[in-house]
Each structure stands twice: as C-alpha cells, then as structure tokens.
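For reference, the chains in residue letters:
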Amino acid sequence: MDIRAKDFVLMPRHLRKFNHAQIEFFDGKKGKLFYPYVMVREDRTIVPIMIEKRDNYERIHKVYASRELVAERKTSRAQLRSTGRG
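This one's a predicted model, so the numbers in the text were calculated from it and none came from an experiment.

So, how was this worked out
Residues numbered from 1 in each chain as written. Predicted model: local features only at pLDDT ≥ 70, side-chain atom pairs only at ≥ 80, totals over all residues. Heavy atoms only, no water. Core = buried A, V, L, I, M, F, W, Y, C linked by side-chain atoms within 4.5 Å. Buried < 20%, exposed > 50% of the residue type's maximum accessible area, 1.4 Å probe, protein only. Helix = DSSP H or I, 4+ residues; strand = E, 2+ residues; numbered from the N terminus. Contact = heavy atoms within 4.5 Å. Pairing = 2+ DSSP bridges. 1 Å grid on protein atoms, 1.4 Å probe; cavity = no way out; pocket = protein on both sides within 12 Å on 5 of 7 lines; lining within 4 Å. Points joined across faces, edges and corners; volume = space filled by probe spheres on them. Nonpolar A, V, L, I, M, F, W, Y, C, P; charged D, E, K, R; others polar. Patch = residues over 30% accessible without salt bridge, like charges linked within 9 Å, V, L, I, M, F, W, Y side chains within 5 Å. Areas by Shrake-Rupley, 256 points an atom, 1.4 Å probe, with all protein chains shown as cover. Salt bridge = Lys/Arg side-chain N within 4 Å of Asp/Glu carboxyl O. Lys, Arg positive; Asp, Glu negative; His and termini not counted. Charge placed at Lys NZ, Arg CZ, Asp CG, Glu CD.

K.L.:
Honestly, the nonpolar core in this entry has me stumped. Any pointers?
P.N.:
In summary, soluble globular proteins display a tendency toward joint burial of nonpolar side chains. Counting 21 residues, the largest nonpolar core has L10, L15, F18, I60, V63 and L80 as its most contacted members. Mapped onto this core, the elements with two or more residues apiece are β1 (22–25), β3 (37–42), β5 (60–65) and β6 (68–72). Broken down by element, the residue count for this core peaks at 3 residues, all from β5. Contacts of L10, omitting those with residues within four sequence positions, involve I3, L15, F18, Y57, A71, L80 and S82.

K.L.:
Hey, could you run me through the sheet that holds strand β7 (residues 81–82) in this one?
P.N.:
In a beta sheet, neighbouring strands are held together by backbone hydrogen bonds and run either parallel or antiparallel to one another. A sheet is described by the order of its strands in space; here 7 strands give the open sequence β4-β3-β2-β1-β5-β6-β7, paired in antiparallel fashion. Either end of the sheet is taken by a strand with one partner, and the two such strands are β4 (45–50) and β7. As paired elements, β3 and β4 share 6 bridges and run antiparallel to each other. Paired with E42 across the two strands is T45, which belongs to β4.

K.L.:
I would appreciate a short explanation of the pairing of β5 in the present structure.
P.N.:
The side chains of a regular strand alternate between the sheet's two faces. Counting buried residues in β5 gives 5 out of 6 residues, a clear majority hidden from the surface. In the sheet, β1 pairs with β5 via 4 bridges, with the strands oriented antiparallel. Residue Q22 lies in a different strand from β5, and its bridge partner there is Y64. Counted between consecutive antiparallel strands, the loop separating β5 from β6 contains 2 residues, among which S66 sits at a positive phi close to 50 degrees.

K.L.:
Help me understand the layout of surface pockets, please; the structure alone is not making it clear to me.
P.N.:
Where empty space is left in the structure can be found by rolling a water-sized probe over the atoms. Taken as a whole, the largest pocket spans an internal volume of roughly 280 Å³. Counted by class, the lining of the largest pocket contains 7 nonpolar, 2 polar and 6 charged residues.

K.L.:
Help me out: how do you make sense of a positive patch on the surface in this one?
P.N.:
A surface patch of positive charge is lined by R4, R13, R16 and K17. On the accessibility criterion, K17 (62% relative accessible area) is exposed.

The following block contains the structure:
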C-alpha cells in the first residue's frame, strides 16, 4: 500500500518521505521536519525534537507538505493517518 493513500497509518519512519514538511503539535508548536528531528523555535532558539521517540511522535497533530495537509491525527490518542492528498 502507498503511504499517500487515504487512511494509511503513518509510523515515524514513513515521515522520511515528507522531509522539510511543516509539523504542527497538539500544544500549538510548529516546526520543520528534518528526519529524524523536528526543529522547533522556542524563545529565539531552535530546539530539535526526535520524532522516533514514542512520546514525541504521539504529540504530532498535523503534517503539511508544500502548504497541503498530508497527514492528521484527530485526537491525541488516535493514529496518525494520511489524508490522501499531496
């Protein structure tokens, strides 16, 4: 199955295909994906967050590639699923 197919469950290693995509977390922070890290700006410093760590991966809410939503998690306990676009 193709990772860009609708409702495909994405794992951290699948996000490698969306390198340089924008990531939005449930707590409102936004960052840029440089696999295996998401670079998040906090108070004039850039903090790397490793997404292969389970706790950090579960905080991801949305993934945007070239301003188009490609993956979304409905609730914090749901799985990260592809939207079928992009």
